[in-house]
Amino acid sequence: MNTHAHVIGDPIAHSKSPLIHGFWLKKLGIPVKYTVQLVKKDGLAAYLDNSRSNDDWVGCNVTMPHKQSIIDQIETLDPLAERLGAVNTVVRQDNGSLKGYNTDSIGFLEPLAKTLKTDHLFRMARILGTGGAARAIIAALADKGFTLVVAGRDPEKARALLDELAPQGEHHAVHLFHFAQPTDFTFDDREGCLDLIVNASPLGMHENPPLEFDWSHAPPGSIAYDIVTNPIDTPFLQGARGAGHPVINGLAMLVGQAAIAFEAFFGVAPPRNHDGELLELLSQ
């Protein structure tokens, strides 16, 4: 028996998911091998067909560019994945059928949990990016009472995402270039308010150009949150710290969403009491 699971995508060699799941599997003594699997766009159907018939295959995590295209190739969806129109976790059922989940929303919110327990006079998030991860973040923050500004290279796509995922509230869509240029806008009193600046795009990822964001657009006290994990300390986060903002790096979301996927795969919660050790490994 060679029980195994994958993380699939293109590119995929950089993924830290095998380290995370492998760490938890070892701590719990579960004999499963979790590895990366390069799957190109035109190879997704064949990968799923082969896996569907393999009793030793537990499932896979899904990253770019498959989070949305995979939906048409699996049998059932968890309600949240159906709402978001994006899947990042696929689990093989006992009958060989595949069920899709989205753990990004909950994983994204995990490092914000303590902050969100506080009542705020106003919550605003500037979300930079309109891809699969942005879908989960838009829905998650709208559900937590944020007014959203979504920026993308195509503002019409940003507007469509807001209309689909956050139809309530006065949200705004702008071009990504809007935040690249300095502003002399004077922010009002932010006491009692919560402001987030979120890089939900792959900009700043290894071999990608950096995200151009001028920190004059960030209200005082804004939390900067970058979902990129390679590198961990992105130019976006460096710029935020230089402007005096607290930061959250992509490892927080990565571990949070992986924990939910792990339980879906193996029917047991990961040993989160070892998070400090895990984060140290991931930071090396």
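These numbers were taken from a predicted model, which means no experiment stands behind them.

K.L.:
Kindly report on the overall build of the chain, identifying the contributing residues and their values.
P.N.:
The helix and strand inventory of the chain stands at ten helices and twelve strands. Computed over its C-alpha atoms, the radius of gyration of the chain comes to 19 Å, within 12% of the 19 Å expected for a compact globule of 284 residues. By its C-alpha atoms, the chain is 65 × 40 × 35 Å across when sized along the principal axes. Scored against the burial criterion, the 284 residues of the chain give a buried share of 51%.

K.L.:
Requested: an account of the environment of T115, with residues and values cited.
P.N.:
For T115, the position within the fold is in helix α5 (residues 113-116). In the structure, T115 is positioned 13 residues away from N102 in sequence and 23 Å away in space, judged by C-alpha atoms. Those residues in contact with T115 that sit more than four places away from it in its chain are H120, L194 and I223.

K.L.:
Could you give an account of the pattern of salt bridges, naming the residues involved and the relevant values?
P.N.:
Proximity of charged atoms lets side chains of opposite charge pair with each other. Throughout the structure, instances matching the rule amount to 15 salt bridges. The residue R272 makes a salt bridge to E110 at a minimum N-O spacing of 2.7 Å. With R272 in the loop between α9 (250-266) and α10 (275-282) and E110 in the loop between α4 (104-109) and α5, this pair connects stretches of sequence that are 162 residues apart. With relative accessibility at 35%, the residue E110 sits in the partly exposed group. The partner of D163 in a salt bridge is R159, with the nearest N and O atoms 3.3 Å apart. With a gap of four residues between them, D163 and R159 both fall in helix α7 (residues 155-165), about one helical turn apart. We classify R159 as partly exposed; its relative accessible area is 30%. Residues joined in a network through salt bridges with shared partners are R126, D188, R190 and D195.

K.L.:
Kindly report on the layout of surface pockets, identifying the contributing residues and their values.
P.N.:
In this structure, the largest pocket encloses a volume near 910 Å³. Around the largest pocket, the lining comprises 38 residues; the ones closest to its centre are H14, T63, M64, K67 and M205. Those elements that provide at least two residues to the lining of the largest pocket are β3 (57-62), α6 (132-143) and α9. No other element matches α9, which puts four residues into the lining of the largest pocket. Space inside the second largest pocket adds up to approximately 220 Å³. As for the second largest pocket, its lining consists of 13 residues, of which G129, T130, R153, S201 and P202 are closest to the centre.

K.L.:
So what about the nonpolar core? Which residues, and what values?
P.N.:
Counting residues in each nonpolar core, the largest one holds 32 residues, and the members touching the most others are F108, I127, I138, L141 and L148. Considering each element in turn, this core owes the most residues, eight residues, to α6. If sequence neighbours within four positions are ignored, L141 has contacts with F108, L109, A125, I127, F146, L148 and L196. The next biggest cluster of nonpolar side chains, apart from the first, holds 23 residues, and it includes Y34, V91, L254 and F262.

Here is what the cut-offs are and how they apply
Residues numbered from 1 in each chain as written. Predicted model: local features only at pLDDT ≥ 70, side-chain atom pairs only at ≥ 80, totals over all residues. Heavy atoms only, no water. Helix = DSSP H or I, 4+ residues; strand = E, 2+ residues; numbered from the N terminus. Rg over C-alpha atoms; globule rule 2.2 N^0.38 Å. Buried < 20%, exposed > 50% of the residue type's maximum accessible area, 1.4 Å probe, protein only. Contact = heavy atoms within 4.5 Å. Salt bridge = Lys/Arg side-chain N within 4 Å of Asp/Glu carboxyl O. 1 Å grid on protein atoms, 1.4 Å probe; cavity = no way out; pocket = protein on both sides within 12 Å on 5 of 7 lines; lining within 4 Å. Points joined across faces, edges and corners; volume = space filled by probe spheres on them. Core = buried A, V, L, I, M, F, W, Y, C linked by side-chain atoms within 4.5 Å.

Remember that the coordinates give geometry; whether it matters functionally is a separate question.
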